[in-house]
Amino acid sequence: MASTADFRNGLVIEFNHDLFSIVEFQHVKPGKGPAFVRTKLKSLTTGKVIDNTFTSGHKVTTARVERRPFQFLYKDDIGYNFMDSNTFDQIPIEESLITNPQFLKDGQEVEVIFHAELEKVLGCELPQHVVMKVAYTEPGLKGDTATNASKAAELETGATIQVPLFINQDELIKVDTRTGSYVERVK
């Protein structure tokens, strides 16, 4: 059990028969009436973000959540298959639990989030940035670096993102997996 004084970003609580991670919180002490805590909570099962207000001192049940390193192996009709980097156990994870699965490539390291008491997979997070090869894009022209214009590029995993005009086929680029956007060219 924890109270609202123990709230911090990333804390996982049981609320409305679901597991929620605190995205942000704000302690408010109005001039009149009791203090309260405004929170943004993200569901670990659905990914939905909700706003909720707790009275100050309200007791909540915390959940123990562990992040473990896994390696992506392959995709089949069951789902995406991962291997525990420590024990070499393999587990399948369904696509809905993976954030941006279009950026997963064979052998990539990810973090799998588990509910510690139930040993249940809650989600799978990719690294913040991944390096990918451009499989196909229209050729760029010399001198196309001055403007902010962009073009579509298909990556080695089949995902399509917008890249600057000077990026060519077979180049390595860094991609932000949270937003699916181009970050920089990798030498």
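Basis of the calculations
Residues numbered from 1 in each chain as written. Predicted model: local features only at pLDDT ≥ 70, side-chain atom pairs only at ≥ 80, totals over all residues. Heavy atoms only, no water. Helix = DSSP H or I, 4+ residues; strand = E, 2+ residues; numbered from the N terminus. Rg over C-alpha atoms; globule rule 2.2 N^0.38 Å. Buried < 20%, exposed > 50% of the residue type's maximum accessible area, 1.4 Å probe, protein only. Contact = heavy atoms within 4.5 Å. Areas by Shrake-Rupley, 256 points an atom, 1.4 Å probe, with all protein chains shown as cover. Lys, Arg positive; Asp, Glu negative; His and termini not counted. Charge placed at Lys NZ, Arg CZ, Asp CG, Glu CD. Pairing = 2+ DSSP bridges. Polar contact = N/O pair within 3.5 Å; in protein donor to acceptor, adjacent residues only side chain to side chain.

Visitor: Just give me the short version of the overall build of the protein chain, but keep the residues and values in it.
Guide: On a plain count of helices and strands, the protein chain comes out with 0 helices and 16 strands. Relative to the compact-globule value of 16 Å for 187 residues, the protein chain shows a C-alpha radius of gyration of 21 Å, a clear excess of over 25%. Taking the principal axes of the C-alpha coordinates as reference, the protein chain spans close to 65 × 45 × 25 Å. Counting all 187 residues of the protein chain, 38% fall into the buried class. Long-range pairs, those at least 24 residues apart, make up 43% of the contacts in the protein chain with a sequence separation of at least 6. Carbon and sulfur atoms provide 50% of the accessible area of the protein chain, an area that totals close to 11,200 Å². Distance between charge centroids for the protein chain: 10 Å, based on 21 positive and 26 negative side chains.

Visitor: Any details on the sheet that holds strand β5 (residues 49–55)? Residues and values, ideally.
Guide: The 6 strands lie next to each other as β1-β6-β2-β3-β4-β5, forming an open sheet whose pairing is antiparallel. Each edge of the open sheet carries a strand with a single partner, namely β1 (2–3) and β5.

Visitor: Just give me the short version of the environment of Thr157, but keep the residues and values in it.
Guide: Along the chain, the position of Thr157 falls in the loop between β13 (150–155) and β14 (160–164). Residues Thr157 and Phe103, 54 residues apart in the sequence, show an inter-C-alpha distance of 6.4 Å. In contact with Thr157, not counting residues within four places along its chain, are Gln102, Phe103, Leu104, Lys105 and Met132. Separated by 2.6 Å, the side chain of Thr157 and the backbone oxygen of Gln102 make a polar contact.

Visitor: Talk me through the pairing of strand β12 (residues 129–137); I want residue IDs and the actual numbers.
Guide: Pairing analysis gives 5 bridges linking β12 to strand β15 (residues 172–176), with the strands arranged antiparallel. For Met132, the partnering residue across the bridge sits in β15 and is Ile173.

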